[in-house]
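A closer look at the structure
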Amino acid sequence: MLPAFFDSVLQLIIRTSTDLPPDVRAAMKTALVAEPADTRSAQALTIIAQNIDLASDDEGAICQDTGMPTFEVKTPVGANQIWMRRQIREAVAEATRRGKLRPNSVDSITGKNSGDNLGPGTPIVHVDQWERDDIEIKLILKGGGCENTNAQYALPAELAHLGRADRTLDGVKKCILHAVWNAQGKGCAPGAVGVCIGGDRTSGYAHAKEQLFRTLDDINPDPRLAELEASIMATVNDLDIGTMGFGGKVTLIGCKIGALNRLPASFFVSIAYDCWAFRRLGVVLDAATGRIDRWLYRDPSHPIIPMLDQSGFMRTGREISLRAPLTEEMVRSLRVGDVVLLSGPMFTGRDAVHSHLMKHDPPVDLNGSVLYHCGPVVLKEDDSWRVTAAGPTTSIREEPYQGEIIKRYGVRAVIGKGGMGAKTLGAMKEFGAVYLNAIGGAAQFYARAIRKVDGVSLLDFGTPEAMWHLTVEEFPAIVTMDAHGNSLHRDIEQASGERLATMSA
Ligand code: SF4
């Protein structure tokens, strides 16, 4: 068999998880230049840029959500594909052991995490033959936050703010704008979309995801689709959604559209949204040895150019330092737009923890606490734990529980991304709590604000879902929902919705 195949796949996984491809880096640099320096979007982009640099310097996961590993493999006729699939699965398990992938494969019935990213349906490996002598493997790691913002439309359809989308390219454009608007901060903007016009429900989504394997700067060979892509890119940034939905000039860094034939009765538009942490790479292997002949999307002979020439948190003078546990007075003094540097204890909690807290007492005293919506990558080293990646997860999933948890247990600050809804906002106003938006995907940046892991509860839920007890130092986040009923997310959603309506007029 091919002696170097396993190592080549492992290298591909590690590089994809830790180093963004040059075309994505270039697009993020353009975004950084486009946003005026004193804006929230610029501050968020600076953190993202530092995070990209930290991840590639230290070979750490760019985002703690290393997503669903999806491999597209092409092999010469006669190659042993069964063996290759097995090797790819073993490489995925090894990358997970090394902390380069977060254990992300969960039994959908029991909720149990397999711990090694293996299970029915994970990883996704598509293998095709081709009439060439070498082997090509492409990999995309697409996280849950952006996967949840994927959308599929059956035309004709009525769309909020945009009216009717017909079975025309103009109708397709409306669907794309609607999906981008809907993703707001949840999908960690600025993002990119892969789109499929047509197909059936299954092939449409698959083809949309395949578009994400195109480089952001390529030109569609179909002039009609090239024109549609250009027209989306020319208008979408006028939505003013900006990085993380903070408002700003750059909302989308790429739009790639493909088309499949459809049944006469169906007209689907399928949209795969990917976040700024657009992790996609590939390799071409020697078919006799499995050794890497060449990389796709990157040239290893070119040095990696850092995104920034500075490090540390960009200070604006508006920061407020707070030490947990927090009092009601402390949080009521905060207003939307304040930048908080938080120190002291912090507890992580996401889907499983929130559901647990609705039926059971918390394993720790949450009075005055800071609850971080985060599923970190954590490595066990002898008897202690080390967090290697720790960005926020999408908070809106906890909307059914959050208000009740604030009320019952006295939580004073919730950190996450994308904001929360009216129920949580009401509870924050009534009981005195704030929502702090951290920058989605900035897993390396935030991991460095974590001084130590003090303990862990509910580890049975798996490492991403457990409640980690952390001590943090100067953890920066922006108040986007305050204890006075104000919400930046609600305001941006309304304003961008109105702009959407203007675009369709
Ligand atoms: S950057 Fe945001 S959307 Fe993307 S994988 Fe990370 S948390 Fe999910």
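Structure's up top.
Residues numbered from 1 in each chain as written. Predicted model: local features only at pLDDT ≥ 70, side-chain atom pairs only at ≥ 80, totals over all residues. Heavy atoms only, no water.

Thoughts on the overall build of the chain
On a plain count of helices and strands, the chain comes out with 14 helices and 20 strands. Taken over the C-alpha trace, the chain has a radius of gyration of 22 Å; the compact-globule value for 505 residues is 23 Å, and the two agree within 12%. C-alpha extents for the chain along the principal axes are approximately 70 × 60 × 45 Å. Intrachain contacts of the chain at a sequence separation of at least 6 include 75% that bridge at least 24 residues. Per element, the accessible surface of the chain, about 20000 Å² overall, is 52% carbon and sulfur. Positive and negative side-chain charges in the chain, numbering 54 and 61 respectively, have mean positions lying 2 Å apart. (Helix = DSSP H or I, 4+ residues; strand = E, 2+ residues; numbered from the N terminus. Rg over C-alpha atoms; globule rule 2.2 N^0.38 Å. Contact = heavy atoms within 4.5 Å. Areas by Shrake-Rupley, 256 points an atom, 1.4 Å probe, with all protein chains shown as cover. Lys, Arg positive; Asp, Glu negative; His and termini not counted. Charge placed at Lys NZ, Arg CZ, Asp CG, Glu CD.)

A closer look at the sheet that holds strand E3 (residues 135-142)
Here five strands make up an open sheet; going across it, the order is E2-E1-E3-E10-E11 and the pairing mixed. Because the sheet does not close on itself, it has two edges, and the strands there are strand E2 (124-130) and strand E11 (292-296). For this sheet the average axis-to-axis angle between neighbouring strands, irrespective of direction, equals 15 degrees. Sheet analysis places E3 next to strand E10 (residues 279-285), joined by seven bridges and oriented antiparallel. In the strand pairing of E10, Leu139 is matched with Leu281. Across the sheet, helix H4 (residues 81-97) lies against strand E1 (68-76), E2 and E3, angled at about 145 degrees from E2, the strand it touches most. (Pairing = 2+ DSSP bridges. Axes fitted to C-alpha atoms, helices over the stretch in contact; angles between N-to-C directions.)

Considerations on the site of the ligand
Around the ligand sit 13 residues in total, of which Cys63, Cys188, Cys275, Arg279 and Gly441 are the nearest. Of the residues belonging to the shell around the ligand, the class tally is six nonpolar, four polar and three charged. (Near = heavy atom within 4 Å. Nonpolar A, V, L, I, M, F, W, Y, C, P; charged D, E, K, R; others polar.)

Examining the environment of Ala447
Within the secondary structure, Ala447 is located in helix H13 (residues 443-447). On a C-alpha basis, the gap between Ala447 and Pro376 in space is 8.6 Å, while along the polypeptide they are 71 residues apart. In this view, Ala447 contacts Val387, Thr388, Ala389 and Ala390; residues no more than four positions away in its chain are not counted.

Section: unusual backbone geometry
Trans is the common state for peptide bonds, and a negative phi is the common state for residues other than glycine. The omega angle of the peptide bond from Thr122 to Pro123 is -10 degrees, so this bond is cis rather than trans. Along the polypeptide, Pro123 turns up in the loop between H4 and E2. For the bond running from Leu155 to Pro156, omega is 5 degrees, close enough to zero to count as cis. Mapped onto the elements of the fold, Pro156 is located in the loop between strand E4 (151-154) and strand E5 (157-159). Even without glycine at this site, Asp240 takes up a positive phi of about 65 degrees. Position of Asp240 among the secondary structure elements: in the loop between helix H8 (223-235) and strand E8 (252-260). The class of Asp240 is partly exposed, set by a relative accessible area of 30%. For Asp382, which is not a glycine, the phi torsion comes out positive at approximately 55 degrees. Here Asp382 lies in the loop between strand E15 (377-381) and strand E16 (384-389). Given a relative accessible area of 76%, Asp382 falls into the exposed group. (Buried < 20%, exposed > 50% of the residue type's maximum accessible area, 1.4 Å probe, protein only.)

Section: the nonpolar core
Formed by 137 residues in total, the largest nonpolar core has its most connected members in Phe71, Ile137, Ile176, Leu342 and Phe475. With eight residues, the single largest contributor to this core is helix H6 (residues 169-183). Val364, Val411, Val414 and Met428 belong to the second largest nonpolar core, which has 18 residues in total. (Core = buried A, V, L, I, M, F, W, Y, C linked by side-chain atoms within 4.5 Å.)

What about the sheet that holds E8?
Read across the sheet, four strands follow the order E4-E9-E7-E8 without closing on themselves; strand pairing throughout is mixed. Across the chains shown, the open sheet's two edge strands, defined by having one partner strand only, are E4 and E8. When strand polarity is set aside, the average angle formed by the axes of neighbouring strands in this sheet is 15 degrees. Here E4 pairs with strand E9 (residues 268-274) via four bridges, running antiparallel. When the bridges of E9 are listed, Ala154 appears paired with Phe268. H6 rests against E4, strand E7 (191-198), E8 and E9 of the sheet, and its axis sits at about 35 degrees to E9.

So, the pairing of E16
Relative to E16, E15 runs antiparallel, the two sharing five bridges. Its bridge partner lying in E16, Leu379 is registered against Arg386. Connecting E15 to the antiparallel partner E16 that follows it, the hairpin turn spans two residues, and Asp382 within it adopts a positive phi of roughly 55 degrees.

A word on the packing of H6 against helix H14 (residues 488-504)
Where H6 meets H14, the axes come as close as 11 Å, and the angle between the chain directions of the two elements is 170 degrees. Taken together, the axes of H6 and H14 lie roughly antiparallel to each other. Along its contact with H6, which presents Lys174, Leu177 and Trp181, the element H14 presents Glu493, Ser496, Gly497, Leu500, Met503 and Ser504. Looking at the contact of H6 with H14, its residues break down into four nonpolar, three polar and two charged. (Parallel < 35°, antiparallel > 145°, perpendicular 65-115°, else oblique.)

Thoughts on H6
In this model H6 runs 21 Å from its N-terminal to its C-terminal C-alpha over 15 residues, within 8% of the 21 Å that 1.5 Å per residue would give. Burial within H6 is extensive, with 12 of its 15 residues counted as buried. Positive phi appears at Gln184, one or two residues downstream of H6, with a value of about 30 degrees. (Expected span 1.5 Å × (residues − 1).)

Observations regarding the packing of helix H2 (residues 22-34) against helix H3 (residues 40-58)
In the contact formed by H2 and H3, the axes pass within 10 Å of each other and the chain directions differ by 150 degrees. Comparing their axes, H3 and H2 come out roughly antiparallel. Between H2 and H3 lies a crossing of left-handed hand. Contact with H2, carried on its side by Arg25, Met28, Ala31 and Leu32, involves Leu45, Thr46, Ile48, Ala49, Ile52, Asp53 and Ser56 of H3 and no other residues of that element. When its residues are assigned to classes, the contact of H2 with H3 shows seven nonpolar, two polar and two charged. (Left-handed = near helix turned anticlockwise from the far one by under 90°.)

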